[in-house]
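# Architecture and fold: a report
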Amino acid sequence: MRRVFLKGMAALGIAALAAGSMMGSASAQSLLEKVEGGEPIRIGFANEIPFAYPGDDGSPKGFVNVITIGILKSMGYENIEPVQTEWGGLIPGLNANRFDIITGGMNILASRCENIAFSEPIATVGDAFIVAPGNPKGIGDYKSLVDNEAIMVTGAGYSNIEAAKAAGLAEDSIMQVPGPTEILAAVRAGRADAGAGTYFTMKQLADSSDGAVEVTDPGAMPEESFNWAGIGFRKNDQDFLDKFNAALKDYVGSEEMLAAVAEYGYDEGSLPGDKTTEWVCANR
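Report follows, based on the coordinates.

### Structural notes on the environment of Met-152
Within the secondary structure, Met-152 sits in strand S9 (residues 152-155). Residue Met-152 is classed as buried on the basis of its relative accessible area of 0%. Distance from Met-152 to Gly-265, taken between C-alpha atoms, is 25 Å for residues 113 residues apart in sequence. If near-sequence neighbours (up to four positions away) are discounted, Met-152 is found in contact with Phe-129, Tyr-142, Leu-145, Asn-160, Ala-164, Leu-169, Ser-173, Ile-174, Met-175, Ala-194 and Ala-196.

### Quick word on the packing of helix H3 (residues 63-74) against helix H10 (residues 238-251)
Across the interface, H3 lies against H10 with an axial gap of 9 Å and an inter-helix angle of 105 degrees. When the axis of H3 is compared with that of H10, the two are roughly perpendicular. Side by side, H3 and H10 meet where Val-66, Ile-67, Thr-68, Gly-70, Ile-71, Leu-72 and Ser-74 of the first sit next to Phe-240, Phe-244, Ala-247, Leu-248 and Tyr-251 of the second. Here the residues of the contact of H3 with H10 sort into nine nonpolar, three polar and no charged.

### Thoughts on H10
End to end, H10 covers 19 Å across 14 residues, agreeing with the expected 20 Å (1.5 Å per residue, within 8%). Where H10 is concerned, the buried positions are Phe-240, Leu-241, Phe-244, Asn-245, Ala-247, Leu-248 and Tyr-251. Backbone geometry just after H10 places Gly-253 at a positive phi near 95 degrees.

### Remarks on the packing of helix H8 (residues 180-188) against helix H9 (residues 199-207)
The N-to-C vectors of H8 and H9 enclose an angle of 55 degrees; their axes lie 11 Å apart at closest approach. Considered as vectors, H8 and H9 are oriented oblique to each other. Our pair here, H8 against H9, has a crossing hand that is right-handed. For the pair H8 and H9, contact is made by Pro-180, Ile-183 and Leu-184 and by Thr-201, Met-202 and Leu-205, respectively. Residue composition of the contact of H8 with H9, grouped by class: five nonpolar, one polar and no charged.

### A closer look at the nonpolar core
Judged by nonpolar contacts, the single largest core of 38 residues is most densely connected at Phe-63, Ile-67 and Phe-240. Of all elements in the fold, only helix H2 (31-36), strand S1 (41-45), H3, strand S7 (123-125), strand S13 (227-233), H10 and helix H11 (255-261) reach the threshold of two or more residues within this core. Discounting chain neighbours no more than four positions away, the residues touching Phe-240 are Leu-31, Leu-32, Val-35, Ile-41, Leu-72, Met-75, Tyr-77, Ile-101 and Phe-233. Within the second largest apolar cluster, 28 residues are counted, among which are Ile-183, Ala-192, Val-213 and Trp-228.

### Remarks on the side chain of Arg-112
Within the fold, Arg-112 resides in helix H5 (residues 110-113). Notably, Arg-112 is buried but unbridged: the nearest opposite-charge side chain belongs to Glu-162, and the N-O separation is 6.3 Å. Residues in contact with Arg-112, not counting those within four places in the same chain, are Trp-87, Ile-91, Met-106, Asn-107, Phe-118, Gly-157, Tyr-158 and Ser-159.

### A short note on a negative patch on the surface
On the surface, a cluster of negative charge is contributed by Glu-33, Glu-36, Asp-239 and Asp-242. Secondary structure elements with two or more residues in the negative patch: H2 and H10. Inspection of the secondary structure puts Asp-239 in helix H10.

### Quick look at the state of the cysteines
Tallying each qualifying case throughout the model produces one disulfide. Between the sulfur atoms of Cys-113 and its disulfide mate Cys-281 the distance is 2.0 Å. Between Cys-113 and Cys-281 the sulfur-sulfur dihedral comes to about -75 degrees; the bridge is accordingly left-handed. Of the two residues, Cys-113 sits in helix H5 while Cys-281 sits in helix H12 (residues 277-283), which places them 168 residues apart along the sequence. By relative accessible area, Cys-113 is classed as buried at 12%.

### As for the packing of aromatic side chains
The tally for this structure, following the rule as stated, stands at 11 aromatic pairs. Between Tyr-53 and Tyr-264, the aromatic rings sit 6.3 Å apart at their centres with planes inclined by 80 degrees, giving edge-to-face as the arrangement. Here Tyr-53 is found in strand S2 (residues 53-54), whereas its partner Tyr-264 is found in the loop between H11 and H12, with 211 residues between them in sequence. Residue classification places Tyr-264 among the buried positions, given a relative accessible area of 10%. Taken together, the ring pairs in this structure connect Phe-51, Phe-63, Phe-200 and Tyr-266 into an aromatic cluster. Above the plane of the ring of Trp-279 lies Lys-275, whose end atom (NZ or CZ) is 4.8 Å from the centre.

Calculation criteria
- Residues numbered from 1 in each chain as written.
- Predicted model: local features only at pLDDT ≥ 70, side-chain atom pairs only at ≥ 80, totals over all residues.
- Heavy atoms only, no water.
- Helix = DSSP H or I, 4+ residues; strand = E, 2+ residues; numbered from the N terminus.
- Buried < 20%, exposed > 50% of the residue type's maximum accessible area, 1.4 Å probe, protein only.
- Contact = heavy atoms within 4.5 Å.
- Axes fitted to C-alpha atoms, helices over the stretch in contact; angles between N-to-C directions.
- Parallel < 35°, antiparallel > 145°, perpendicular 65-115°, else oblique.
- Nonpolar A, V, L, I, M, F, W, Y, C, P; charged D, E, K, R; others polar.
- Expected span 1.5 Å × (residues − 1).
- Left-handed = near helix turned anticlockwise from the far one by under 90°.
- Core = buried A, V, L, I, M, F, W, Y, C linked by side-chain atoms within 4.5 Å.
- Lys, Arg positive; Asp, Glu negative; His and termini not counted.
- Salt bridge = Lys/Arg side-chain N within 4 Å of Asp/Glu carboxyl O.
- Patch = residues over 30% accessible without salt bridge, like charges linked within 9 Å, V, L, I, M, F, W, Y side chains within 5 Å.
- Areas by Shrake-Rupley, 256 points an atom, 1.4 Å probe, with all protein chains shown as cover.
- Charge placed at Lys NZ, Arg CZ, Asp CG, Glu CD.
- Disulfide = S-S within 2.5 Å.
- Phe/Tyr/Trp six-rings, centres within 6.5 Å; stacked < 30°, edge-to-face > 60°.
- Lys NZ or Arg CZ within 6 Å of the ring centre and 35° of its normal.

Rendered as structure tokens:
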């Protein structure tokens, strides 16, 4: 009886090991293998209007989501699963396999290029501030924050933090909050003198504030503060990314794309130009 019991336990152990091996194999699948096997492509994004955000029905809205989905459809992939998360959870979630692709209007930065792979640029993105009406402190660029001893608020993980520090703004003069809603609330309440983000997002906040704040001129920013947005992938999904970039080359700037993103304020002036991801990673 004991030998039968031990043989049964051994069989269960072998089955468990086999199951574990299969699970490990499945989790090690590349994105290309997954989609060719019929699995959905999970797109991760935060609530970042007008870049990427959930519609009332949970569907993926915003121009980065529109561009991403348009490229995937041109590749023949339409089985897409949107997943919303906090901005700070996008890169960790991607590398933990909770998403396959991350959108959200993420600027390509050297520090991010160390952790994930980016598509070729899909947009040129300038920074701007929201400030009190009349801009009482005369804030126009990052240096003016330092000169006016201003408090800046921005989103946790935003590229504006690095830009402000590079201009000399002290750590204790930078307030970090979860996202755009909290940026607007901090400036409206007077807890911060300026809210920093992309011009796209800051203009949307100003337009929605009923005159409580105004947006600064992005043209006042120095050239080095301009960025290029890309779409994020895991580094081990380079084979899929290569195919994605080939489709991106034909889609970005096309009449079809420009018509699809017009409602979000993206126009020909937002196109990425001739900058490559390799250049941006080396220079931003």
